[in-house]
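# Residue-level structure breakdown
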Amino acid sequence: MATTTYVALLRGINVGGNVRLPMQSLRELLDGMGATAVRTHLQSGNALFDHTAAEPERLAAELKDRIAGELGLRVPCIVREAAELRGVIERNPFDMTGIEPARFLVTFLSGPVDPDQLKDLDPAAFAPDEFRPGEREIYVHCPNGIQKTKLSHALWEKRLGLTATARNWNTVTKLAALAGVA
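Residues numbered from 1 in each chain as written. Predicted model: local features only at pLDDT ≥ 70, side-chain atom pairs only at ≥ 80, totals over all residues. Heavy atoms only, no water.

Of regular secondary structure, the protein possesses 5 helices and 8 strands. Along the protein, from the amino end to the carboxyl end, the secondary structure elements read β-α-β-β-α-β-α-β-β-β-α-β-α. Relative to its length of 182 residues, the protein is compact, with a C-alpha radius of gyration of 16 Å against a globular reference of 16 Å. Its C-alpha atoms give the protein principal-axis dimensions of about 45 × 30 × 30 Å. Buried residues in the protein amount to 45% of all 182 residues. Summarising the internal contacts of the protein: among those between residues at least 6 apart in sequence, 69% fall at separations of at least 24. Counting every atom, the protein has about 9100 Å² of accessible surface; 49% of that belongs to carbon and sulfur. Considering the protein, the positive charge centre built from 21 side chains and the negative charge centre built from 22 side chains are found 5 Å apart. (Helix = DSSP H or I, 4+ residues; strand = E, 2+ residues; numbered from the N terminus. Rg over C-alpha atoms; globule rule 2.2 N^0.38 Å. Buried < 20%, exposed > 50% of the residue type's maximum accessible area, 1.4 Å probe, protein only. Contact = heavy atoms within 4.5 Å. Areas by Shrake-Rupley, 256 points an atom, 1.4 Å probe, with all protein chains shown as cover. Lys, Arg positive; Asp, Glu negative; His and termini not counted. Charge placed at Lys NZ, Arg CZ, Asp CG, Glu CD.)

Next comes the structure, spelled out in structure tokens:
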């Protein structure tokens, strides 16, 4: 049976000491779901794995349920086919010249962006931060740093009614490279 490489993006783990999830535990949970070639990147909830399932949404829901059931943690999860990362990189609407990759985020969403839900959002209210919607992601540039941006996952979740988690550009491109799709 053919396998597909996926990337799992978990939100809010191992940041500030609130929700601790060792990467070994994450790898074991994915193994228990039938994943193979499981590997993690950094300590912040990035995993690559192979699986025969064809529905990333089902994998995300199962991973979320396993984390809750086995570890007692409520952790939002997004799973994408790793090959999709190439498109996320290629569709980046920002010219990266002069942009510090650590201050540039891709906010991954659990579903497609509905432009009608963003049309009354005034970009000037967030300056100097900037955003551009993608297909199932929002690109965010925070020239003064990402810690205090108002363009956080919470804004996008409230506005779009979707699960959201962000990764800086360095992490996005590294995950694509690790998946062999960069």
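Here the narrative resumes.
This brings us to unusual backbone geometry. Across the junction of Ala-127 and Pro-128, the peptide omega takes the value 10 degrees, indicating a cis bond. Tracing the backbone through its elements, the reader meets Pro-128 in the loop between β5 (104-109) and β6 (130-133). Not every positive phi belongs to a glycine, and Ala-37 is a case in point at roughly 50 degrees. Secondary-structure assignment places Ala-37 in strand β2 (residues 36-41). Residue Leu-42 is not a glycine yet carries a positive backbone phi of 65 degrees.

Within helix α5 (residues 169-179) the residues assigned to the buried category are Trp-169, Thr-171, Val-172, Leu-175, Ala-176 and Ala-179. Looking at where α5 begins, the residue whose side-chain oxygen comes 2.9 Å from the main-chain nitrogen of Asn-170 is Asn-168. Following α5 by one or two positions, Gly-180 adopts a phi angle in the positive range, close to 75 degrees. (Polar contact = N/O pair within 3.5 Å; in protein donor to acceptor, adjacent residues only side chain to side chain.)

Once that is clear, we can look at helix α2 (residues 56-71). Taking 1.5 Å as the rise per residue, α2 with 16 residues should run 22 Å; its terminal C-alpha atoms sit 22 Å apart, in good agreement. Buried within α2 we find Pro-56, Leu-59, Ala-60, Leu-63 and Ile-67. Buried residues in α2, looked at end-on, bunch into an arc of 100 degrees, giving them a common side. Seen from the open side of α2, the exposed residues pointing more than 90 degrees away from its buried face are Asp-65 and Gly-69. In this fold, the buried residues of α2 make contact with β1 (4-10), α1 (23-32), β3 (46-51) and β4 (77-81). Looking at the residues trailing α2, positive phi occurs at Gly-72, about 70 degrees. (Expected span 1.5 Å × (residues − 1). Arc of directions from axis to C-beta.)

Time to look at the pairing of β4. Burial runs high along β4: 4 of the 5 residues are buried. Across 5 bridges, the pairing between β1 and β4 is antiparallel. When the bridges of β4 are listed, Leu-10 appears paired with Cys-77. (Pairing = 2+ DSSP bridges.)

This part takes up the nonpolar core. Membership of the largest hydrophobic core comes to 23 residues, with the highest contact counts inside it found for Leu-10, Leu-30, Phe-49, Leu-63 and Ile-67. Residue assignment for this core shows that the elements contributing at least two residues are β1, α1, β3, α2 and β4. Setting aside residues no more than four positions away along its own chain, Leu-30 makes contact with Ala-35, Val-38, Ala-47, Phe-49 and Leu-63. If you look at the next biggest cluster of nonpolar residues, it comprises 19 residues, including Val-7, Val-106, Phe-108 and Leu-175. (Core = buried A, V, L, I, M, F, W, Y, C linked by side-chain atoms within 4.5 Å.)

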